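A look at the structure
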Amino acid sequence: MSGTLVIRGARLSDGTATDIVVTDGVISELGVSLSAAGSQVIDADGLIALPGLVDLHTHLREPGLEQSETVLSGSRAAAIGGFTAVHAMANTLPVADTAGVVEQVKSLGDSAGYVTVRPVGAVTVGLAGQQLAELGAMASSRARVRVFSDDGKCVSDALLMRRALEYVKAFDGVIAQHAQEPRLTEGAQMNEGTLSGQLGLAGWPAVAEEAIIARDVLLAEHVGSRIHICHVSTAGSVDVIRWAKSRGIAVTAEVTPHHLLLDEHLIRGYDAKYKVNPPLRRAEDVQALREGLADGTIDIVATDHAPHPLESKDCEWDVAAFGMVGLESALSVVQASVVDTGHLQWSDVARVLSSAPAAIGRMDGYSTGIAVGGAANLALYDASVSTVFSASQLRGKSVNSPYLGHTLPGRIIGTIHNGYLTVVDGELVDTDQVASSALVTERGAHHG
Amino acid sequence: MRHLLSTRDLSRDQAVAILDVAEDMADVATREVKKLPALRGKTVVNLFFEDSTRTRISFEAAAKRLSADVINFSAKGSSVSKGESLKDTAQTLAAMGADAVVVRHPSSGAPSVLAQSGWIDAGIVNAGDGTHEHPTQALLDAFTIRRRLHRSAARGRDLSGTTVTIVGDILHSRVARSNVWLLTTLGATVRLVAPPTLLPVGISRWPVQIGYDLDEAVSAGSDVVMMLRIQAERMHAAFFPNAREYSRRWGLDDARLARLGASTIVMHPGPMNRGLEISSGAADSTQSTVREQVSNGVSVRMAVLYLLLSGEREELS
Amino acid sequence: MPARTVLQQADISRALTRMAHEILESNRGTDGLILLGIPTRGVVLARRIAHLITQFSGESVPTGALDVTLYRDDLRRNPTRVPSPTQVPSGGIDGKTVVLVDDVLYSGRTIRAALDALGDIGRPRVVRLAVLVDRGHRELPIRPDFVGKNLPSSQEERINVRLTDIDGEEFISIGGTS
């Protein structure tokens, strides 16, 4: 990367104002009134500078489901949301259960260049829950897979789960469990409770999630492995994880932005844009998730960005697809649900959306946050604005956002990935320009 | 009234008004000329994604007695079974100029989706959606109860002071849901009796009393006992051990019928499983309203279609 | 323009008395006579006229109510109208002399609807029309047989009929805001 970038007057997450100088993909200087002759200057007055956001749970849909999203379109959606790295889930067609598929996804991500794409490997062949996938081959492939998940499906077989937890210790991997007891959720459509009874929709009991989490933290304890719990959605799950952490079990957990903001009452009109797995829960659960994130029981926020074509949502509730897009709106929803409500400081946001997910995924370059010598992955955010969220703010291929028409705070003004700009003045940098910046950076890395 | 999607949306006065109009419609049914010109030139589509001959012909008779044109659109043999979406079907009906669409659908909420979609401007009548609601069935049940209790003085009255016991598969019953909301709105006390497996989670927050023991409910007395159809396939999903045990504990047999007061009304939305949830003796007794329910169904559906399709599109005042 | 009262209670009573006499005279007695009021105020008027006829003749006259809501031609132009009950005397109307009674005759459309409704109930020998007020502006070839008071009015004006049995006061006024 040639050239130098100066970001003027940004406020760090701890509140201090600073200029940030970026040289050759690295933060070279922090301080007041810095200058660098001949460099590009970005006025960040009034903006919060966060370390580049890292999503541990993204569905990029490629290969195989390109009508919903591609690695490129999903990367663009991520960049406009302030992300500089995403973990691409394995439920593609073919499933990412071999070194070949994960390497393909990684190389698509590298050439798109908007974010670092880290493929997640399937735990079992074809996500079928029968036989372990080639976890070692994926780990030692060029994609260096460290997170394994059958997400979308639960690894429900206790023995298979035990073996997977044990096996990935060999390469410091982690199993990310989609906690959903399958028999208890056959045909399930929404959170089971008073409202599901009224609406006549098959119930999805909280216990179906909590029972698997309880089983798996005990398994992890027994075999001495670390485990990650995807999209925790109930108050009971928070309690189980809190208990597990108090016993010293190496469990980490994520919550999605939508489970921090939305509750099941939105389902009353049977609008399928609110259909998601796990389902929207009660207001009490939303409250417990916010508190769990605030007290560290829940480690990170992950989007579970799940693009679907229009026709999968424009239909009857029970035939509609599960899932919501979330990359573009994630930081705004986090601000609305936990920052503006006093649960989290901006420094906590930097942790739950950047350093902590990077650590779980064993990514380099995110542990120090914004510091001299660190990789220049940055998000510049204007927390003072407020907009009615619309489809025009989405950059992926799909528009199945639950926030369309909702008023949300904040907006990403700039995103810097490996030292080059992917978002400027709130707009994506051109695809070709980003791709060539990525190429230059990669060459530089090889030389260095 | 713009749509009829759920009895939860109805106020007491709206519900009484519908029942009163149904009384007028029932009067017409006793005349030699049973037809009214009120909906001349209107088109009513019966859009049935699920077989239900009795509900369809009831709506068809109702629409025809009001002089509306009726189009029956059955999912069987139509393009729906070839995978046409609800959206395309709705837009087709809109293009055909449907003024009202009577929808029977296996998905809970499908009529609500249609009503809010913008795909079609017609008034939507929910004729049974999944395990959600079946509002016209509840209205005809309330109408039947009110007529039995108050005879010719029924107009203007609600069901205050009446106790209704609903027995059977509450969990999967759209009839039970619609009746719970409507009957309680009309002032009745509703008691649900079922095996615990067939009561929805969270039912303690419904405005009803709950019991597991039919004999206890029979002894306690009730103005109305409404038996719900039990589907044999439920036993395969472990809701109860087998039909015999269900029938023994939750069926209205001759012995339980005899213990009911002579004035207790016995209802069933049909179709009945004789010998399972209701004995032939109970179904055919003078206390049974099973056949009245059918004829009242036409009057109530006439009232609903009239209120939906006459006048400017406004709320019933 | 403020409303002005054009008939007081005594005027209304006198008009009804005259109409009762005229109906008796034209029917040559009460034989086969039925008075059907059009809800709401027509029903009250039919009962009062029947009562007067009984006073004069000593014979009772069957009365009833004929709701025309479901036969109106303006159902889709107005907010939904809730029908009132139709009550036909037990002997039916076949072969009878039916006098339709209404409070105000205006466009004639209500009476057109009433004739259709009547036809679906039975086949009277003859149908007559009695109205308390005829305000003109007919839109159909319909004319009353018995009129309490002709009240030429402008179409902008409102005729307000108040009867003790329904309104707790009795007069007819014209004008005022509608």
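Residues numbered from 1 in each chain as written. Chains lettered and ligands numbered in written order. Predicted model: local features only at pLDDT ≥ 70, side-chain atom pairs only at ≥ 80, totals over all residues.

1. Re the overall build of chain B
Test applied: Only DSSP runs of H or I covering at least 4 residues are called helices, and only runs of E covering at least 2 are called strands; the numbering of each starts at the N terminus. In this setup the radius of gyration rests on C-alpha atoms only. A globule is expected at 2.2 Å times the number of residues raised to 0.38. Once C-beta atoms are placed from the backbone, each residue is buried if 20 or more other C-beta atoms lie within 10 Å of its own, exposed if 12 or fewer, and partly exposed for counts between those two.
The helix and strand tally for chain B stands at 11 helices and 9 strands. For a compact globule of 317 residues, the expected C-alpha radius of gyration is about 20 Å, and chain B comes in at 19 Å, within 12% of that figure. With respect to the three principal axes, the spread of C-alpha positions in chain B is 55 × 45 × 35 Å. Across the 317 residues that make up chain B, the buried fraction comes to 53%.

2. Some points on the arrangement of the chains
Going by this rule: Residues are defined as contacting one another if the C-beta atoms placed from their backbone atoms lie within 7 Å.
Counting contacts across all 2 pairs of chains that touch, the top-ranked interface belongs to chains A and B. As for chain C relative to chain A, no contact occurs, and the smallest C-alpha gap between them is 26 Å.

3. Some points on the sheet that holds strand 9 (residues 265-267) of chain B
Residue and element names in this part refer to chain B. So the rule is basically this: Pairs of strands are assigned from DSSP output, requiring at least two bridges between the strands. Angles here are taken between N-to-C directions and fall from 0 to 180 degrees, while the axes themselves are lines fitted to C-alpha atoms, restricted in helices to the stretch in contact.
Pairing is parallel across the open sheet formed by 5 strands, whose spatial order is 7-6-5-8-9. The open sheet has two free edges, formed respectively by strand 7 (209-211) and strand 9, since each of these has just one partner strand. Mean inter-strand twist for the sheet, computed between neighbouring axes without regard to direction, equals 20°. In this structure, strand 6 (residues 189-193) lies alongside strand 7, joined through 3 bridges in parallel fashion. Considered in strand 7, the bridge of L192 is made with I210.

4. As for the interface of chain C and chain B
Heads up, the rule is: Residue polarity is assigned by list, with Asp, Glu, Lys and Arg as charged and Ala, Val, Leu, Ile, Met, Phe, Trp, Tyr, Cys and Pro as nonpolar; anything else, Gly included, falls into the polar class.
Each side of the interface is counted separately: chain C has 15 residues, and chain B has 17 residues. Split into classes, the residues belonging to the side of chain C that touches chain B amount to 8 nonpolar, 3 polar and 4 charged.

5. Focus: helix 6 (residues 206-223) of chain A
Residue and element names in this part refer to chain A. For clarity, the threshold we go by: Expected span of a helix, by definition, is 1.5 Å for each gap between consecutive residues, and there is one gap fewer than residues.
Given a rise of 1.5 Å per residue, 18 residues ought to cover 26 Å, and the 26 Å separating the end C-alpha atoms of helix 6 matches this to within 8%. Listing the buried residues of helix 6 in full gives A206, A208, E209, E210, I212, I213, D216, V217, L219 and A220. Its buried side turned inward, helix 6 meets helix 4 (158-167), strand 10 (174-177), strand 12 (203-204), strand 13 (227-229), helix 7 (235-246) and strand 14 (251-255). At the exit of helix 6 stands G224, carrying a positive phi of roughly 70°.

6. Some details on the nonpolar core
The test is simple: Any set of buried Ala, Val, Leu, Ile, Met, Phe, Trp, Tyr and Cys residues joined through C-beta atoms within 7 Å is what this text calls a nonpolar core.
The biggest cluster of nonpolar side chains holds 291 residues, and the ones touching the most others in it are A:A49, B:V101, B:L114, B:L305, C:I49 and C:L100. Counting residues per element, this core draws most heavily on helix 11 (residues 290-309) of chain B, which supplies 10 residues. In this structure, C:L100 is in contact with C:L36, C:I38, C:L66, C:I111, C:A114, C:V127, C:L129 and C:A130, ignoring residues within four places of it in sequence.

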